Amino acid sequence: MTLATTGQDVVDETGDAGAGLVVTATALLVLSVLMSIALLVPINSRVAQWTQGSVPADRKQQFGRWDRLHYVRVGVIITAFVPLVTGRA
């Protein structure tokens, strides 16, 4: 909700010139949140349920998958700030 309000404020300040860029940035930031919820949280939940004796043999692959998804999410977030800054200029 805060993201949408901030995006609307930027559109109001910049007019139509930066509106498309702000919408793009907002969509990318929403995508990063959805990635967190749909992809990263389930992995975190599985790891939280592990006990000393129940750690699976493929734990390194699961940690690697989480790391890769995290790096993609961070890339999406960084990419979102480019059109946001450009839209504000």
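Residues numbered from 1 in each chain as written. Predicted model: local features only at pLDDT ≥ 70, side-chain atom pairs only at ≥ 80, totals over all residues. Heavy atoms only, no water.

**Q** Let's hear about the overall build of the chain: which residues, and what values?
**A** The secondary structure content of the chain amounts to three helices and zero strands. Reading the secondary structure of the chain in the N-to-C direction produces α-α-α. Each of the 89 residues in the chain was classed as buried or not, and the buried ones make up 27%. Of the contacts formed within the chain by residues at least 6 apart in sequence, a portion of 67% connects residues at least 24 apart. Per element, the accessible surface of the chain, about 6,000 Å² overall, is 65% carbon and sulfur. (Helix = DSSP H or I, 4+ residues; strand = E, 2+ residues; numbered from the N terminus. Buried < 20%, exposed > 50% of the residue type's maximum accessible area, 1.4 Å probe, protein only. Contact = heavy atoms within 4.5 Å. Areas by Shrake-Rupley, 256 points an atom, 1.4 Å probe, with all protein chains shown as cover.)

**Q** Let's hear about the side chain of Ser 36: which residues, and what values?
**A** For Ser 36, the location among the structural elements is in helix α2 (residues 19-49). Taking the relative accessible area as the measure of exposure, Ser 36 reaches 17% and is therefore buried. Look past the residues within four positions of Ser 36 in its chain and what remains in contact with it is Val 41 and Arg 73.

**Q** Describe the environment of Pro 42, with residues and values.
**A** Here Pro 42 is to be found in helix α2. Taking the C-alpha atoms as reference points, Pro 42 and Trp 66, 24 residues apart in sequence, are found 9.8 Å from one another.

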